[in-house]
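# Working through the structure, step by step
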Amino acid sequence: MAVPLLDLTRQYAQIRDEVVREIDEVVTSQQFILGRKVEEFEAAIVAAIGCGHAVGMSSGTDAQLAILMALGIGAGDAVITTPYTFFATAGCIHRVGAETIFVDIDPVSLNLDPERLAECLRERCRRDADGVLRSAKGNRVRAITPVHLFGLCCEMDAIRDLASEYGLAVIEDAAQAIGAEYPSREGTVQAGAIGESAYFSFFPAKNLGAFGDAGLATCRAAVDANALRLMRNHGMEQRYYHHQVGGNFRIDALQAAILQVKLPHVGTWNAARRANAEKYAAAFEAAGLLEFLTLPATPFAGRVAEHHIFHQYVLRARRRDELLAHLAKHAIGHGVYYPVPLHLQECFAYLGYKSGDFPESERAAAETLALPIFPELREEEQAEVVEVIRSFYR
Ligand SMILES: Cc1ncc(COP(=O)(O)O)c(C=O)c1O
């Protein structure tokens with residue numbers, strides 16, 4: 001039996017009528033650019049996430065770009081992030097002209113490691129005579145971008161403590177983490193409502209996916225939301241009067257309308273993903289596979305309900321590449337997120353990093369794979385995935 005890594009047609013079948021109605025409404029209104037549907041979606045996100053403000057954007061990438069531009073981060077600045085993430089996280093930092101400083105991941109959570117972050121701030125950065133924190137290249141360190149990879153929140157208390165100690169902004173990459181909860185010292189908070197600002201991706205394959213590209217930026221302060229709205233629309237408030245140079249980072253009204261239909265379902269869909277993860281854990285254990293597989297960590301389980309939203313179900317596997325070939329042979333959907341850590345990407349060679357600099361990211365890239373986890377995955381399909389993996393190791 002073939003098992004897809006993701007099948008969005010099953011989700012569409014649940015919401016088709018409502019989506020078609022919404023599309024028809026937008027097309028009939030001819031309000032394609034910004035307007036009521038976008039504002040309603042932004043308000044729904046603020047209510048769902050508990051963030052201060054939300055500004056719909058054309059993609060997660062553009063949301064990150066708009067945040068960096070609105071904060072005035074550019075040439076002469078540096079931003080700290082993880083090398084084990086999707087390309088855009090560092091790509092945007094590069095595009096605004098800033099330096100990317102990479103810090104390795106924690107091998108269990110696969111997220112930015114706060115201890116290594118502390119070490120980086122202490123040993124790889126320095127304060128100059130004016131008290132400005134600088135990278136080894138002399139750039140002013142402005143922000144940290146923790147990535148809630150695969151739908152699991154980073155250790156945000158520790159990261160925020162370091163950010164405030166060193167006077168840095170926290171820009172969360174929540175692209176994969178809509179609905180994920182974090183048990184902060186102040187209580188339960190959601191990804192995207194923890195840092196000064198954050199961004200989500202609504203790429204179709206995400207837990208909340210548009211019918212094309214879409215994204216969103218969040219922030220705490222109204223003044224920052226205004227700056228983001230300016231950046232989103234070529235720096236203009238009044239048409240053809242440009243206060244700043246921004247871009248066209250606008251979310252389509254059609255996408256906002258579709259996303260608003262989907263948003264109320266995300267909690268249920270995330271819970272179904274988590275239930276699938278629990279079924280995998282039980283089945284891998286029952287099949288005696290835990291000596292070959294290291295299952296995803298769920299460090300906040302029991303402390304918050306939505307601790308991990310399993311955008312991807314990523315585990316470590318012995319003889320990973322041979323297993324990948326075996327899965328392909330048996331038509332089991334799989335993915336590798338991500339095969340090359342960013343410090344080893346050709347386009348970032350100029351940063352001067354080399355193989356061995358971030359061993360945990362390199363090891364994760366070599367040892368992990370993703371299995372089907374989408375909410376509508378059928379029981380017999382999941383059983384087939386486990387059986388094919390069992391047949392490989394036994
Ligand atoms: C971790 C991470 N950051 C940033 C992005 C960029 O989002 P988008 O594809 O919507 O531009 C993505 C999405 O693929 C992502 O997974």
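Let me begin by describing the structure that accompanies this report. (Residues numbered from 1 in each chain as written. Predicted model: local features only at pLDDT ≥ 70, side-chain atom pairs only at ≥ 80, totals over all residues. Heavy atoms only, no water.)

### Brief notes about the pattern of salt bridges
Inspection of every chain in the model, using the stated rule, returns 25 salt bridges. With a closest N to O distance of 2.8 Å, lysine 37 and glutamate 22 form a salt bridge. Of this pair, lysine 37 sits in helix α2 (residues 36-49) while glutamate 22 is found in helix α1 (residues 8-29), placing the two residues 15 residues apart along the sequence. Of the residues examined, glutamate 22 reaches a relative accessible area of 18% and is grouped as buried. With a shortest N-O distance of 2.9 Å, glutamate 42 and arginine 232 are connected by a salt bridge. With glutamate 42 in helix α2 and arginine 232 in helix α7 (residues 222-232), this residue pair connects regions lying 190 residues apart in the sequence. For arginine 232, a relative accessible area of 6% translates into the label buried. (Salt bridge = Lys/Arg side-chain N within 4 Å of Asp/Glu carboxyl O. Helix = DSSP H or I, 4+ residues; strand = E, 2+ residues; numbered from the N terminus. Buried < 20%, exposed > 50% of the residue type's maximum accessible area, 1.4 Å probe, protein only.)

### Topic: the sheet that holds strand β12 (residues 293-294)
Strand order in the open sheet formed by three strands is β12-β13-β14, with antiparallel pairing between adjacent strands. Unpaired on one side and paired on the other, β12 and β14 (368-371) mark the two borders of the sheet. Where β12 meets strand β13 (residues 313-317), two bridges bridge the pair, whose relative direction is antiparallel. What sits directly across from leucine 293, in β13, is alanine 317. On top of the sheet, helix α10 (residues 320-329) reaches β13 and β14; it is set at about 25 degrees to β14, its chief contact. Lying on the sheet, helix α11 (residues 359-367) is in contact with β13 and β14; it crosses β13 at an angle near 95 degrees. (Pairing = 2+ DSSP bridges. Contact = heavy atoms within 4.5 Å. Axes fitted to C-alpha atoms, helices over the stretch in contact; angles between N-to-C directions.)

### Describing the site of the ligand
The immediate surroundings of the ligand are formed by 14 residues, with Gly60, Thr61, Asp173, Gln176 and Ser201 found nearest. Within the contact set of the ligand, an oxygen atom lies 2.4 Å away from a side-chain nitrogen or oxygen of threonine 61. At 3.0 Å from an oxygen atom of the ligand is found a side-chain nitrogen or oxygen belonging to lysine 206. For the ligand, the cavity whose grid points lie within 2 Å of the majority of its atoms is the largest pocket. Class assignment for the residues of the shell around the ligand results in five nonpolar, seven polar and two charged. (Near = heavy atom within 4 Å. Polar contact = N/O pair within 3.5 Å; in protein donor to acceptor, adjacent residues only side chain to side chain. 1 Å grid on protein atoms, 1.4 Å probe; cavity = no way out; pocket = protein on both sides within 12 Å on 5 of 7 lines; lining within 4 Å. Sits in = over half its atoms within 2 Å of the grid points. Nonpolar A, V, L, I, M, F, W, Y, C, P; charged D, E, K, R; others polar.)

### Here we look at the packing of aromatic side chains
Scanning the entire structure with this criterion turns up 18 aromatic pairs. Considering the side-chain rings of tyrosine 182 and phenylalanine 300, the 5.3 Å spacing of their centres and the 85 degrees angle between planes classify their relative orientation as edge-to-face. Residue tyrosine 182 is located in strand β8 (residues 181-184), and its partner phenylalanine 300 is located in the loop between β12 and β13; the two are separated by 118 residues in the primary sequence. Note on tyrosine 182: relative accessible area 2%, which makes it buried. Ring-pair connections join several aromatic residues into one group, and the members of that group are Tyr84, Phe86, Phe150, Tyr337 and Tyr338. (Phe/Tyr/Trp six-rings, centres within 6.5 Å; stacked < 30°, edge-to-face > 60°.)

### Brief notes about the nonpolar core
Counting 62 residues, the largest nonpolar core has Phe41, Ile45, Leu117 and Phe202 as the members making the most contacts within it. Those elements giving two or more residues to this core turn out to be α2, β2 (77-81), β3 (99-102), α5 (114-124), β6 (140-145), α6 (156-166), α8 (253-262) and α9 (266-286). For this core, the element with the most residues is α6, which contributes five residues. When residues of this core are sorted by domain, at least three fall in each of domain 1 (8-264) and domain 2 (266-393). Among residues more than four places away in sequence, those in contact with leucine 117 are Ile80, Val103, Leu112, Ile144, Ile159 and Leu162. Counting residues in each nonpolar core, the second largest holds 27 residues, with Leu324, Leu327, Val385 and Val386 among its members. (Core = buried A, V, L, I, M, F, W, Y, C linked by side-chain atoms within 4.5 Å. Domains from an automatic or database assignment.)

### So, the packing of α2 against α8
Across the interface, α2 lies against α8 with an axial gap of 8 Å and an inter-helix angle of 40 degrees. Taken together, the axes of α2 and α8 lie oblique to each other. Here α2 runs over α8; the crossing is left-handed. Across the interface between the two elements, Lys37, Val38, Glu40, Phe41 and Ala44 of α2 pack against Ala253, Ala256, Ala257, Leu259 and Gln260 of α8. Per-class residue counts for the contact of α2 with α8 are seven nonpolar, one polar and two charged. (Parallel < 35°, antiparallel > 145°, perpendicular 65-115°, else oblique. Left-handed = near helix turned anticlockwise from the far one by under 90°.)

### Here's the deal with α2
Its 14 residues give α2 an end-to-end C-alpha distance of 20 Å, which sits within 8% of 20 Å, the value for a rise of 1.5 Å per residue. Every buried residue of α2 is listed here: Lys37, Val38, Phe41, Glu42, Ile45 and Ile49. Along α2, the residues classed as buried sweep out an arc of 135 degrees about the axis, all on the same side. Exposed and facing more than 90 degrees away from the buried side of α2 are Glu39 and Ala47. Where α2 ends, the next residue or the one after it, glycine 50, has phi of about 80 degrees, a positive value. (Expected span 1.5 Å × (residues − 1). Arc of directions from axis to C-beta.)

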